[in-house]
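Here is how the chains run, residue by residue.
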Amino acid sequence: MASTLDQQALAAASAQHPKLQHITYTYGTAGFRTEADLLDSVMFRVGLLAVLRSKNLKGKAIGVMVTASHNPEKDNGVKLVDPMGEMLHGSWEPYATQLANAQTDDLLLAALDSIVKATGTDLSQPAHVVYGHDTRPSCKPLVRALVDGLSSATFGSEAPKVELVNAGLVTTPQLHYLVRCLNTADSPDPYGEPTIDGYYRKLAAAYTELSASRASGHKPSPFGLRGRELLPAITVDCANGVGAPKLKEFVKVIGTDYLPVIVVRDNTTTAGQLNLNCGADFVKTQQRAPLGVKPIAWQRYASFDGDADRIVYYYADADGVFHLLDGDKIATLAAGFIMDLVKDAGLDDKVKVGVVQTAYANGASTKYLTEVLGVPVTCVPTGVKHLHHAAESYDIGVYFEANGHGTVLFSPSTLAGIRSSLDSATSSPAADESQLAARTNLRALTELINQTVGDALSDMLLVETVLLHRQWTPAQWDRAYTDYPNRLVKVLVNDRHAFETTDAERKLVKPEGLQAKIDALCKEVDGGRSFVRPSGTEDCVRVYAEATTRQAADDLVNKAAYLVFDEAGGKGTRPASGFF
Ligand code: G16
């Protein structure tokens, strides 16, 4: 007999997590995100939805991550992870929003019922959910609400028990990794051991192999750097978040010989420190080192964000001038290296590399990718869910947002091709030692890179690998192209939902008439480019501008931001001296 909703039990459980009547929730760029105090009912209901999603996929493991990533510590959030470790399928986002906004327990039951019907979910299927959280103090009660939802979603005595795995304190990408491992464990292509230790060992083995092979594996530096063996230590700012304990755990596994790291901003116990004046978002938007960190000239520095799914690099020159190596720089570094490896491996007639960016990508990076590397570039809306999807259309898809969120995807046929090229019985055995080395390195890269989602740790190892093989300093990496001066600011408005965009968010459709005025501002500036979009993770509108000079970019961003503030419902006091 097919199971049905156990209305009474569900209503009783839901009554413990009443919805706040005055709030409308939206499943945004990366799930639900708002002040932690407002999220109890959302957590409970996400628990219900996770079970439904798993049942809908015949018991495949679904992930739930409780985090608000780069947002301030007072915020929290939750997002669902689909079976291959990718973000929740877009077609289910409206269901999440529908459940979160049901005003009463009865309406919640009705919403559940309609989702079960609309998705054709068989409630008698098993369900399997793995959940984890970051270091925010608010996670504890919110995880309890989530577990209440997960445990209440039994859907009657006939339904099989929901299998729950508590991953505990994890980085967001570790949770994504676990989900994929659980779902591929018995497949011909298992992703890895479904434990955090298994994650560390997988990355450590790949990085060790790539480090050991650097001598034979790749071209020496075109800049004729003096012979340097391993790279000197890198200083990593962990945003006072979960990346700190996790990076330290990883270093214990791989050893400091392979990865000499100085960990800073690792205070996860003092209230209010998370993402405060540090972390990838601060460094990228402020275009400066974390407060209190004075970079030593020419050394490598990196910043993770609060849940360790983003990374940016930076260094200072001899005059102490700060230089940012953001997601665009990482994308170009990775794409160039992978393209060379594919060529050296003799696979370039079969394997095509492509890059995916968003409107935030610096114009100079797109120019470099298309004109110098000759690689196709796709532009999509903000949100790794969009980039990930677009990258799947390439044999090897490199995707990075300028904010440092990204990874590299290898298509199933490319993975199979790389593996079979290493098989001595294959029809295309390696022609020589260097071709074999390139193929071996490519295979190790597929293990090093967390292909489920952007991962600060895995991305750092990717960058370190390229720098090691190229024998490049960060300054040499930076020479590929020079960023156009740019600025990104936030404008608080009464209703960010009044803003609608098109053309991969490069143009505003609403409020009507605003885009034409922004275009007019851009025309007055040499190399002027500016766009406006509502944030999907914060209650604000983001305004971006770039131009050929710093002054022009700063002026342009302020003028565009004032336009937004004055003509589209700016909230609070009009900032007298600009927006940054
Ligand atoms: C999330 C998304 C990213 C996005 C960022 C900012 O990052 O995963 O793809 O770039 O939010 O989005 P928005 O501009 O819409 O606020 P994270 O690191 O906060 O999870």
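Residues numbered from 1 in each chain as written. Predicted model: local features only at pLDDT ≥ 70, side-chain atom pairs only at ≥ 80, totals over all residues. Heavy atoms only, no water.

Okay, the UniProt feature "binding site: substrate" (unreviewed entry) in the protein next. Taking the numbering used here, the UniProt-annotated feature "binding site: substrate" (unreviewed entry) corresponds to Glu-401, Ala-402, Asn-403, Arg-533, Pro-534, Ser-535, Gly-536, Thr-537 and Arg-542. Examined against the element boundaries, Ala-402 turns out to sit in the loop between strand E13 (396-400) and strand E14 (406-410). Examined against the element boundaries, Gly-536 turns out to sit in the loop between strand E18 (529-534) and strand E19 (541-546). Excluding its chain neighbours within four sequence positions, the residues that come into contact with Gly-536 are Gly-28, Thr-29 and Arg-496. (UniProt positions renumbered as here; feature names shortened; annotations may be inferred. Helix = DSSP H or I, 4+ residues; strand = E, 2+ residues; numbered from the N terminus. Contact = heavy atoms within 4.5 Å.)

The predicted coordinates of low-pLDDT regions are not to be read in fine detail. Confidence in the prediction of the protein, expressed as mean pLDDT, is 94, and 96% of residues score 70 or more. Note on residues 216-228: pLDDT is under 50 here. Beyond four places in sequence and across chains, it has 32 contacts. (pLDDT = per-residue confidence, 0-100.)

This brings us to the site of the ligand. In the vicinity of the ligand, 19 residues are found, and the nearest of them are His-70, Glu-401, Ser-535, Thr-537 and Arg-542. In the environment of the ligand, an oxygen atom lies 2.9 Å from a nitrogen or oxygen atom belonging to the side chain of Arg-310. Side-chain polar atom of Ser-535 to an oxygen atom of the ligand: 2.5 Å apart, as the coordinates give it. Relative to its free-state accessible area of 470 Å², the ligand is covered by the protein chains to the extent of 98%. Considered class by class, the residues forming the shell around the ligand number two nonpolar, ten polar and seven charged. (Near = heavy atom within 4 Å. Polar contact = N/O pair within 3.5 Å; in protein donor to acceptor, adjacent residues only side chain to side chain. Areas by Shrake-Rupley, 256 points an atom, 1.4 Å probe, with all protein chains shown as cover. Nonpolar A, V, L, I, M, F, W, Y, C, P; charged D, E, K, R; others polar.)

Take the pattern of salt bridges next. Under the definition given, this model contains 30 salt bridges. Linking Asp-113 and Lys-117 is a salt bridge whose minimum nitrogen-to-oxygen distance equals 2.9 Å. Pair noted here: Asp-113 and Lys-117 are both in helix H4 (residues 105-119), with a separation of four residues, about one helical turn. A relative accessible area of 29% means that Asp-113 is categorised as partly exposed. A salt bridge links Glu-538 to Arg-542, with the shortest nitrogen-to-oxygen separation between them at 2.9 Å. Overall, Arg-542 belongs to the buried group, its relative accessible area being 12%. Within this structure, Glu-193, Asp-197 and Arg-201 form a network of salt bridges that share partners. (Salt bridge = Lys/Arg side-chain N within 4 Å of Asp/Glu carboxyl O. Buried < 20%, exposed > 50% of the residue type's maximum accessible area, 1.4 Å probe, protein only.)

In this section: the packing of helix H2 (residues 40-56) against helix H3 (residues 93-101). Where H2 contacts H3, the axes come no closer than 9 Å and their chain directions differ by 135°. Put simply, H2 runs oblique to H3. For H2 against H3, the interelement crossing comes out right-handed. In this structure, H2 uses Val-42, Arg-45 and Leu-49 to contact H3, whose residues at the interface are Tyr-95, Ala-96, Leu-99, Ala-100 and Asn-101. Of the residues belonging to the contact of H2 with H3, the class tally is six nonpolar, one polar and one charged. (Axes fitted to C-alpha atoms, helices over the stretch in contact; angles between N-to-C directions. Parallel < 35°, antiparallel > 145°, perpendicular 65-115°, else oblique. Left-handed = near helix turned anticlockwise from the far one by under 90°.)

Turning to the sheet that holds strand E7 (residues 261-264), a few remarks are in order. Strand order in the open sheet made by the five strands is E7-E6-E8-E9-E10, with mixed pairing throughout. Two strands in the sheet have a free side with no partner beyond their single neighbour: E7 and strand E10 (322-325). Across this sheet, the average inter-strand angle for adjacent strands is 25°, counted without regard to direction. Where strand E8 (residues 301-304) meets strand E9 (residues 311-316), four bridges bridge the pair, whose relative direction is antiparallel. (Pairing = 2+ DSSP bridges.)

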